[in-house]
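Architecture and fold: a report
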Amino acid sequence: MEIAKINNTKVHFHYEDNGHKEVLIFSNSLGCNLSMWSEQIAYLKNHVNLLTYDTRGHGKSEVTPGEYTTELLGKDVLALADRLHIEKFSFCGLSMGGLIGQWLGIHAGNRLNRLILANTAAKIGTETGWNDRIAFVKKNGMDSLAEDSKERWFTNEFRSSHPDIVQDLANQIIHIDVNGYMGNCAAVRDADFREDLNQIVSKTLIISGNKDEVTTVEHGKFLEKGIPNATHVQVRAAHLSNVEKAQEFSEQVLQFIQK
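The structure contained in this document is the topic of the report that follows. In this text the structure is predicted, and so the values were computed from the model without any measurement.

1. As for the sheet that holds strand β5 (residues 89-94)
Ordered by their spatial adjacency, eight strands build an open sheet running β1-β2-β4-β3-β5-β6-β7-β8, and the pairing between neighbours is mixed. Of all strands in the sheet, those with a lone pairing partner are β1 (2-6) and β8 (230-235), marking the two edges. Within the sheet, the average angular offset between the axes of one strand and its neighbour, ignoring direction, is 25°. With six bridges joining them, strand β7 (residues 203-209) and β8 adopt parallel strand pairing. Each bridged residue has a counterpart across the sheet, and for I207 the counterpart in β8 is V233. Running over the sheet, helix α3 (residues 96-107) touches β3 (23-27), β4 (49-53), β5 and β6 (112-118) and is turned about 145° from β5.

Structure follows, in structure tokens:
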């Protein structure tokens, strides 16, 4: 694991140069860190070079003050790629990571080979809802989000059958700095790509969880309709589909980037 000083911040990342031509960057969901991609890394390491990182304000990356934007977070990705001399790459982002992916697709499409948008939407939630969450966590701290996150992230069946995995993911949100979390909530609150999806020219895979009540299948269909060269698949999972259906998710990603 390394720290890169880029874009006026310090970003924690891990890069596996496995000797392949293709580089795939994974971008974490709000409340998680780069370890959420461990199953995908294990599955894909024999096929592509892999770059994971903690989004600004998450994990071991720096918590910079104030509210963040998807532009800021997208430029972190580009700066990190530049730091590692990666000119072109494929990108897979889930939820908030999917918003970052949409920003990249719209504003830096020349850097992308393929784009994977998982469990995300062109617009996630409402301004009031995000402002309420920011106020709630500011008052009550990160521990207050753990139980609710388990319910949003995973189906009842998965929570019952894999309690250790569920708790490990809940622990990630507990250990996030509250200011970093609030900064990222602002980025999600303000992101709205509903009118810009037609500017994404990269070949795009959209993955929805059919049990996801945060970013629904309908959100995925909206992305599919708006992005000119998009394919939409569904997996039987809630919000963190890459964890709940790790192998199926990984297979879909591999098939897509190898087409």
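2. What to know about unusual backbone geometry
Of note, N7 is a non-glycine position whose phi angle comes to about 50°, a positive value. Counting through the fold element by element, N7 comes out in the loop between β1 and β2 (9-16). Phi is positive for H85, close to 60°, though the residue is something other than glycine. Within the fold, H85 resides in the loop between α2 (70-83) and β5.

3. Some remarks on the packing of aromatic side chains
What the rule picks out here adds up to three aromatic pairs. Measuring from ring centre to ring centre gives 6.2 Å for W37 and F249, while their planes differ by 45°; the resulting arrangement is tilted. Highlighted residues: W37 in the loop between β3 and α1 (38-44) and F249 in helix α11 (residues 246-258), separated in sequence by 212 residues. The pair formed by W37 and F249 is uniform in burial state, with each residue classed as buried.

Cut-offs and rules
Residues numbered from 1 in each chain as written. Predicted model: local features only at pLDDT ≥ 70, side-chain atom pairs only at ≥ 80, totals over all residues. Heavy atoms only, no water. Pairing = 2+ DSSP bridges. Helix = DSSP H or I, 4+ residues; strand = E, 2+ residues; numbered from the N terminus. Axes fitted to C-alpha atoms, helices over the stretch in contact; angles between N-to-C directions. Contact = heavy atoms within 4.5 Å. Phe/Tyr/Trp six-rings, centres within 6.5 Å; stacked < 30°, edge-to-face > 60°. Buried < 20%, exposed > 50% of the residue type's maximum accessible area, 1.4 Å probe, protein only.

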